[in-house]
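# Commentary on secondary and tertiary structure
Here's the letter readout for the chains.
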Amino acid sequence: MAREECKALLDALNKATACYHHLVLTVGGSADSQNLREELQKTRQKAQELAVATRTQLTAALRDRGLGAEERAEFERLWVAFSGCLDLLEADMRRALALGTAFPLHAPRRPLVRTGVAGDSAGVAARALSVRSLRHEAEGNFDVDDLRQLEREILQVSEMIQEMEMKVNVPRWTVQARQTAGAELLSSASVRVSSVGAVSVQERTGPCDPNKALAATVFSAVLLAAVALAVCVAKLS
Amino acid sequence: MAGGRRGAQLPHLSKMERVVLSMQDPDQGVRTRSQRLFITVIPHTAAGGDVVAWLIRKYCISDEEALHLGTLLVQHGYLYPLREPRSLQLWPDDTPYRFQTPYFWTSTVWPAAELDYAIYLTKKNIRKQGTLVGHEKEHYDQLHRKISHTWDLVVMQAREQLRAAKQRRKGDRLVIACQEQTYWLVNRPPTKSTEFYKQEMERCRKALTRARVKSSVCLEAYLKFSGQRGPHDPMMSGCLPSNPWVSNEDAYWTINAPSVAVPTKLRVERWAFSFQELLEDPVGRAHFMDFLGTEFSAENLSFWEACEELRHGGQAQVRATVDAIYQQFLAPGAARWVNIDSRTMERTLEGLRQPHRYVLDEAQLHIYMLMKKDSYPRFLKSAAYRDLLAEAVVPPEAKRRVFPFMRKPLHASPSPALLPASPSGEPVAATSGPECGDRGT
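This is a predicted model, so every value here is computed, not measured.

The next subject is the overall build of chain A. What chain A contains, in helices and strands, is 6 helices and 0 strands. Secondary structure elements in chain A, listed N-terminal to C-terminal, are α-α-α-α-α-α. Counting every position in chain A, which comprises 237 residues, the buried fraction comes to 46%. Counting contacts in chain A only where the partners sit at least 6 residues apart, residues at least 24 apart contribute 83% of the total.

All names here are of chain A. Considering the arrangement of structural elements, one finds Glu-38 in helix H2 (residues 34-63). For Glu-38, a relative accessible area of 3% translates into the label buried. Beyond its immediate sequence surroundings of up to four residues, Glu-38 is in contact with Arg-135, His-136, Glu-137, Ala-138 and Phe-142.

Here the focus is the sheet that holds strand E3 (residues 79-81) of chain B. All names here are of chain B. Strand order in the open sheet made by the 4 strands is E1-E2-E4-E3, with antiparallel pairing throughout. Two strands lie at the open edges of the sheet, namely strand E1 (33-37) and E3, each paired on one side alone. Adjacent strand axes in the sheet meet at a mean angle of 55° when their direction is disregarded.

The subject of this paragraph is the interface of chain A and chain B. Facing the 75 residues of chain A at the interface are 71 residues of chain B. Taken together, the connections running from chain A to chain B amount to 1 salt bridge. Across the pair Glu160(B) and Arg127(A) runs a salt bridge, and its minimum N-O distance is 3.2 Å. Linking chain A with chain B are 15 residue pairs in polar contact (both at pLDDT 80 or more), by the criterion used here. Elements with a contribution of two residues or more to the side of chain A that touches chain B: helix H1 (2-24), helix H3 (69-102) and helix H4 (122-129) of chain A. With 13 residues, H3(A) is the single largest residue contributor to the side of chain A that touches chain B. A per-class count over the side of chain A that touches chain B returns 33 nonpolar, 22 polar and 20 charged.

Residue and element names in this part refer to chain B. Put simply, helix H18 (residues 342-351) and helix H19 (residues 361-381) touch, their axes get as near as 8 Å, and they point 150° apart. Between H18 and H19, the angle falls in the class roughly antiparallel. Contacts between H18 and H19 involve Thr-344, Arg-347 and Thr-348 from the former and Glu-362, Ala-363 and His-366 from the latter.

A few words now on the packing of aromatic side chains. Within this structure, the stated rule accounts for 21 aromatic pairs over all chains. Among the aromatic residues, ring-to-ring pairing joins Phe275(B), Phe288(B), Phe291(B), Trp304(B), Tyr368(B), Tyr376(B), Phe379(B) and Tyr385(B) into one connected group. Between Arg95(A) and the ring centre of Tyr103(B), over which it is positioned, the NZ or CZ distance is 4.8 Å. Looking at Arg188(B), its charged tip hangs above the ring of Tyr117(B), at a distance of 5.3 Å from the centre.

Annotation from UniProt places "coiled-coil region" (unreviewed entry) at residues 30-57 of chain A. Along residues 30-57 of chain A, the helical share is 86% and the strand share 0%, with 40 Å between the first and last C-alpha atoms.

Residue and element names in this part refer to chain A. Looking at chain A, pLDDT values average 83 and 89% of them are 70 or higher. Across chain A, element-level confidence peaks in H1 with a mean pLDDT of 92 and bottoms out in H4 with 86. Low pLDDT, under 50, characterises residues 189-208; the predicted model gives this stretch 40 contacts beyond four residues in sequence or across chains.

Note on strand geometry: in a regular strand, side chains alternate between the two faces of the sheet. Relative to strand E2 (residues 40-47) of chain B, E1(B) is paired through 4 bridges, and the arrangement is antiparallel. For Arg33(B), the partnering residue across the bridge sits in E2(B) and is Thr45(B).

Close contact between H1(A) and helix H6 (residues 151-165) of chain B brings their axes to 8 Å; oriented N to C, the two are set at 55°. By the angle class used here, H1(A) and H6(B) are oblique. As for how H1(A) packs across H6(B), the hand of that crossing is right-handed. Between H1(A) and H6(B), the residues in contact are Lys7(A), Leu10(A), Asp11(A), Asn14(A), Lys15(A), Thr17(A), Ala18(A), Cys19(A), His21(A) and His22(A) and Leu153(B), Met156(B), Gln157(B), Glu160(B), Gln161(B), Ala164(B) and Ala165(B), respectively. For the contact of H1(A) with H6(B), the residue count by class is 7 nonpolar, 6 polar and 4 charged.

Residue and element names in this part refer to chain B. Inspection of the secondary structure assignment puts Lys-124 in helix H4 (residues 114-127). Residue classification places Lys-124 among the buried positions, given a relative accessible area of 3%. Those residues in contact with Lys-124 that sit more than four places away from it in its chain are Arg-86, Leu-132, Glu-136 and Gln-181.

This paragraph deals with helix H1 (residues 11-23) of chain B. The first and last C-alpha atoms of H1(B) sit 19 Å apart over 13 residues, in line with the 18 Å expected at 1.5 Å per residue. Where H1(B) is buried, its residues meet helix H2 (48-59), helix H3 (63-75) and strand E4 (96-99) of chain B.

Looking now at unusual backbone geometry. The peptide bond linking Leu240(B) to Pro241(B) adopts the cis configuration, its omega dihedral lying at -10°. Tracing the backbone shows Pro241(B) in the loop between helix H10 (234-237) and helix H11 (244-247). A positive phi angle, close to 55°, is found at Ser130(A), a residue other than glycine. Structurally, Ser130(A) can be placed in the loop between H4 and helix H5 (142-167). Even without being glycine, Asn248(B) reaches a positive phi, approximately 60°. Looking at the element boundaries, Asn248(B) is found in the loop between H11 and helix H12 (251-255). Asn248(B) sits in the exposed class, given a relative accessible area of 65%.

Rules of the game
- Residues numbered from 1 in each chain as written.
- Chains lettered and ligands numbered in written order.
- Predicted model: local features only at pLDDT ≥ 70, side-chain atom pairs only at ≥ 80, totals over all residues.
- Heavy atoms only, no water.
- Helix = DSSP H or I, 4+ residues; strand = E, 2+ residues; numbered from the N terminus.
- Buried < 20%, exposed > 50% of the residue type's maximum accessible area, 1.4 Å probe, protein only.
- Contact = heavy atoms within 4.5 Å.
- Pairing = 2+ DSSP bridges.
- Axes fitted to C-alpha atoms, helices over the stretch in contact; angles between N-to-C directions.
- Salt bridge = Lys/Arg side-chain N within 4 Å of Asp/Glu carboxyl O.
- Polar contact = N/O pair within 3.5 Å; in protein donor to acceptor, adjacent residues only side chain to side chain.
- Nonpolar A, V, L, I, M, F, W, Y, C, P; charged D, E, K, R; others polar.
- Parallel < 35°, antiparallel > 145°, perpendicular 65-115°, else oblique.
- Phe/Tyr/Trp six-rings, centres within 6.5 Å; stacked < 30°, edge-to-face > 60°.
- Lys NZ or Arg CZ within 6 Å of the ring centre and 35° of its normal.
- UniProt positions renumbered as here; feature names shortened; annotations may be inferred.
- pLDDT = per-residue confidence, 0-100.
- Left-handed = near helix turned anticlockwise from the far one by under 90°.
- Expected span 1.5 Å × (residues − 1).

The following block contains the structure:
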């Protein structure tokens, strides 16, 4: 059904936008490299493809006059989420362009900011592209060419947004979102981030993380049992 | 960020960015160590004392000033403390700090947006299992009321961003979370300090005293301006003999050169619009000078020109110029004495004791207003001006071979070459409008 397809496409676009945002965060920092720029390019191109596909489907659905009121409301909701997502993507792309120009990778006297982020981000990009792993194949001056490409893509996305505004007339404020405040806490089984813990990065002297406490208890229980068994064996023999 | 204002970066922020960038130099920058948390090792930690020492060395400033500068950097979010993230202050001992990623640097070009704050708070809500407190809870509720229509997007993005972050290793995840937390601590501070309220008061005061003009008045003035200037505008009314960009002939420019013997009719008409127009045009100014000569008040214009020279001339010549002007125009019994009222003359003579570039401004303004109110209307009614209008040349349109106009002119006599119905006319003559302007170079 059209609605399911639209929702799936929108979810994929949302995922790509979130991953792109995450990658743009590290541009200019210590994790910036040729690989990162390549990942940025792949992620944003995927996001753009998804955006075009979603737009086609949604505009087709919204222009269909014979749609029931409920269906229409549903599609309008999807539309508002879609255009918000696209705005976020465009803003992040512009930001990436500004940061990429300000922090060229091969300039001798422009060191990158030492932010403490050192690992690679191939996993994030792979998630955005829904592949298992990512292969890097960029050559020497990739980042310079990529910036020009990025400018063109930004223009394309802006044009797409404008076209969308022209073609479909959905006033955003009339849409009632399905999620209410605090909706993110429900069905959050897959999102329970336990391993991040307290955000202030300090030597752990305060209250311990529940997982670690559990592990410690189990371990000590097993150790005690082993000691008890050893004592029994020693006593018996 | 989504659809935010685009201003220019404030200068103090650009300066701070430069300082932070020079701190990153591998040889000359601030020394960094690694931080150890159980099993994860995170590099690039700078001690507060090292930062202060570097500032003192690099800019040759005192202890106090370096500490103050460092605290400014921390308060604007370029550095953040690792142990107590909420206390944005630089301690000159070995308290660990880390540099903020450029994406989260404070910027007026990319102001912090409500949607992003909502996403951040939602992420925090998820991480803390719904126990947001204090000002964050307030902001969360407020945002939900304000942008409830995009709440779907907020929840979706929050979840996905958390999932994306999980793909990184633990050290990076911690660092990125700290960075985001610092960004929002700087941009949405928990308590509204006195500084904030002072700025608000200043802003409201400025808003109250802002000059307001009724739009009816504005629009009337605008219409009048457009109506008056319409026939003179090359885009709206075409330019005679031909548009150089279209026909590749620069006759238009040579005819309208700054100093030409016979000005065009349009140019002479423009002198009647305002005194400023007349003075700005060298030909107009010359004719006005002749007219004043016949009225025996040419020294006014000469004085005005001399004052302009003083204002825009070199600094070394200021004293000499002021003396020359005084001798020629202002001294009692001078050769070309100008008539300034006594109060202005007193003040000018006072100022002449310590001459600077703008010391003759009052006198110049007085003479300017005198000319504008008195001589200028007489000039416009005079025979000299009428003769100028009569003698002024109206250049004929260029011949068929050239593309003359972009639009039909609003002049009384349309030229036959313009009519689109001309049989052997160029195909372009039929198309009017901006397309003609795009042709050619």
